[in-house]
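Residues per chain, in single letters:
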Amino acid sequence: MSITRRKGSKFYWYSITVNGKRFRDSTRTTDLEKAKAIEAKIRLDELNKQTLKIRPSVALEQAFIKYLKEHVQYLKTSVNVARNCQRFLEYYGKSFQLSDFTNPHVSRYVSKRRKQVSNATVNRELATLKHFLRKAEFEWEFEVGRVNFKYHMLKEPECRVRYLTYEEAKKLINCASNHLKPVIKFALLTGLRSSNVLGLRWEQIDFESGLMNFKIKSNIPGGKRFSLPITNDIKRLLSDLQPKEQGFIFMYKGKPMKSVQTSFKRALKRAKIEDFRFHDLRHTAATWLLQEGMPLDMVQRILAHTKVTTTTKYAHRIEKDVEDKFSEIHAKSHFGHILQNQEN
């Protein structure tokens, strides 16, 4: 049935497919008969629209210019999306028509790119193309060819899991240069991204309220605001850096640190820690919080994740932890005693 009532909604919803195009929305009525009439009208209107209206065929370059002006420039990932668009232009050609897109065209592109980059990168590029074509078809009403993007998506490896043990963290800090030590400590204490750590200013620190205030990348104009509490450990760390009223907090030779990549690599080498990046300090902080028993939704708040599914990536456990915890629960519970009694 194309008319249903969704969980949590008092209205009936329709879901119809007309010539391969799917339409879903609320009928905004609680009357079933009215909902059916609305669904029938929408179906008829779309049939008439597709039959009578001839959509214009547009060249790829022209459509991409429109896409960049009306959508891409406002994205926080605008540079990456624009780069993907340029790559498609170079592969298909400026005069390639949107109406000519077919599965074989996309398949050949995937076949070429997967030899050059990872499967994950290819999938991100396909996501750009899919969104572009959907916008061209449904918003701009251009003639667009039929492509089943789900068929072309490549399998990706499991999420990379890398974090430090407490002993490894101590070793890394001991092996780090003096100017890098507080940076590493602060990253581990807060779970902040490198841009937020290195860009931190004294104006963001409010010792009176006990909060640190930040802005992170977001679809919200100007960025999303969030705050973190100043714990005793963080307060001691900041106090050792001679607090000021303004200016950058983490400095090296009188200048703010724009990057610590070189010194961080040297510290890793001295500490004999392999396959580790600065961003993994954020991963480490999240993992430690979860291992200490902090609820997932609280860790989500600290990391400023919009969706808890993103935080779930950090909710892993090394195999030994799982085995020990499993054995501990059985030892403390009545499970084993119940089973033994049944056998006897």
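Look up: the structure comes first, before these words.
Conventions we followed
- Residues numbered from 1 in each chain as written.
- Predicted model: local features only at pLDDT ≥ 70, side-chain atom pairs only at ≥ 80, totals over all residues.
- Heavy atoms only, no water.
- Helix = DSSP H or I, 4+ residues; strand = E, 2+ residues; numbered from the N terminus.
- Buried < 20%, exposed > 50% of the residue type's maximum accessible area, 1.4 Å probe, protein only.
- Lys, Arg positive; Asp, Glu negative; His and termini not counted.
- Salt bridge = Lys/Arg side-chain N within 4 Å of Asp/Glu carboxyl O.
- Polar contact = N/O pair within 3.5 Å; in protein donor to acceptor, adjacent residues only side chain to side chain.
- Pairing = 2+ DSSP bridges.
- Axes fitted to C-alpha atoms, helices over the stretch in contact; angles between N-to-C directions.

> Pulling in residues and values, what's your account of the side chain of Arg282?
Tracing the chain through its elements places Arg282 in helix α12 (residues 280–291). One buried charged residue, Arg282, remains without a salt bridge, the closest side chain of opposite sign being Asp280 at 9.6 Å. A polar contact is formed between the side chain of Arg282 and the backbone oxygen of Leu303, at a distance of 2.9 Å.

> Before we move on, can you summarise the sheet that holds strand β2 (residues 12–18) with the specific residues and values?
The 3 strands lie next to each other as β1-β2-β3, forming an open sheet whose pairing is antiparallel. Strands at the two margins of the open sheet, each flanked by one partner only, are β1 (3–5) and β3 (21–26). On average, each strand axis in the sheet is inclined to that of its neighbour by 20 degrees, with strand direction left out of account. The sheet contact formed by β1 and β2 spans 3 bridges and is antiparallel. When the bridges of β2 are listed, Thr4 appears paired with Trp13.

> Please provide a residue-by-residue account of unusual backbone geometry, values included.
Even without glycine at this site, Arg28 takes up a positive phi of about 60 degrees. Here Arg28 lies in the loop between β3 and α1 (32–52). Notably, Lys272 is not glycine yet its phi reads approximately 60 degrees, a positive angle. You can see Lys272 is positioned in the loop between α11 (261–271) and α12. Judged by its relative accessible area of 71%, Lys272 is exposed.

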